[in-house]
Amino acid sequence: MNGVKRCLVGYTGGTEEKPTYMNIADYTEALLIEYEPSVTDLTSILKEWKSQASPYPTSCQYRTALWYRNEEQKEQITNFVGNSKYIDIEPATQFFMGEEYHQNFLNKQTQSRAFKPVF
C-alpha cells in the first residue's frame, strides 16, 4: 500500500513483561503499521484493513482490536468502525516486536504463489 513504510508483527494490550508467541499471556497478536501521513492516512489504512479483517469473537490472542495513540485517532477509528461488538477500540499500550519467524509471515508461506499481501 502506498505510504506504508513498514509493518511489524508483535504483541500489545497486555500487562505481563516481554510476551512471546509461546508465552503470550494476556496480550493480543498485533500489527504495527508505520506510514507516511503525506502519502496516506488512517482512514485509507482502515479501509484496507476492513477489506481483509474477520471481526469475530475469538481468544484474547486473536481478537479483533484497533489501538489508538491520541483522541483524534480514537475518533476516526470509532467513526469508521461504528457500533461493532466484535471490534475492540483501546488506547495503545507498549508494543513488543514478535519473533523473526512471524515477520512477513504470509510472504514466507506464499513464496511460490502469486499472492501478495497489501501491507
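Here the structure is a predicted model, which means the values were calculated and not measured.

(A) Looking closely at the side chain of Thr12. Within the secondary structure, Thr12 sits in strand β1 (residues 4-12). Among the residues examined, Thr12 registers a relative accessible area of 4% and is labelled buried. Polar contacts involving the side chain of Thr12 include one to the side chain of Thr93, which spans 2.9 Å. Not counting residues within four places of it along the chain, the set of residues in contact with Thr12 comprises Tyr27, Thr28, Ala30, Trp67, Thr93, Gln94 and Phe95.

(B) Region of interest: helix α1 (residues 42-52). Where α1 is concerned, the buried positions are Leu42, Ile45, Leu46 and Trp49. Axial view of α1: buried residues confined to an arc of 100°, hence all on one face. Exposed and facing more than 90 degrees away from the buried side of α1 are Lys47 and Ser51.

Rules behind the numbers
- Residues numbered from 1 in each chain as written.
- Predicted model: local features only at pLDDT ≥ 70, side-chain atom pairs only at ≥ 80, totals over all residues.
- Heavy atoms only, no water.
- Helix = DSSP H or I, 4+ residues; strand = E, 2+ residues; numbered from the N terminus.
- Buried < 20%, exposed > 50% of the residue type's maximum accessible area, 1.4 Å probe, protein only.
- Polar contact = N/O pair within 3.5 Å; in protein donor to acceptor, adjacent residues only side chain to side chain.
- Contact = heavy atoms within 4.5 Å.
- Arc of directions from axis to C-beta.

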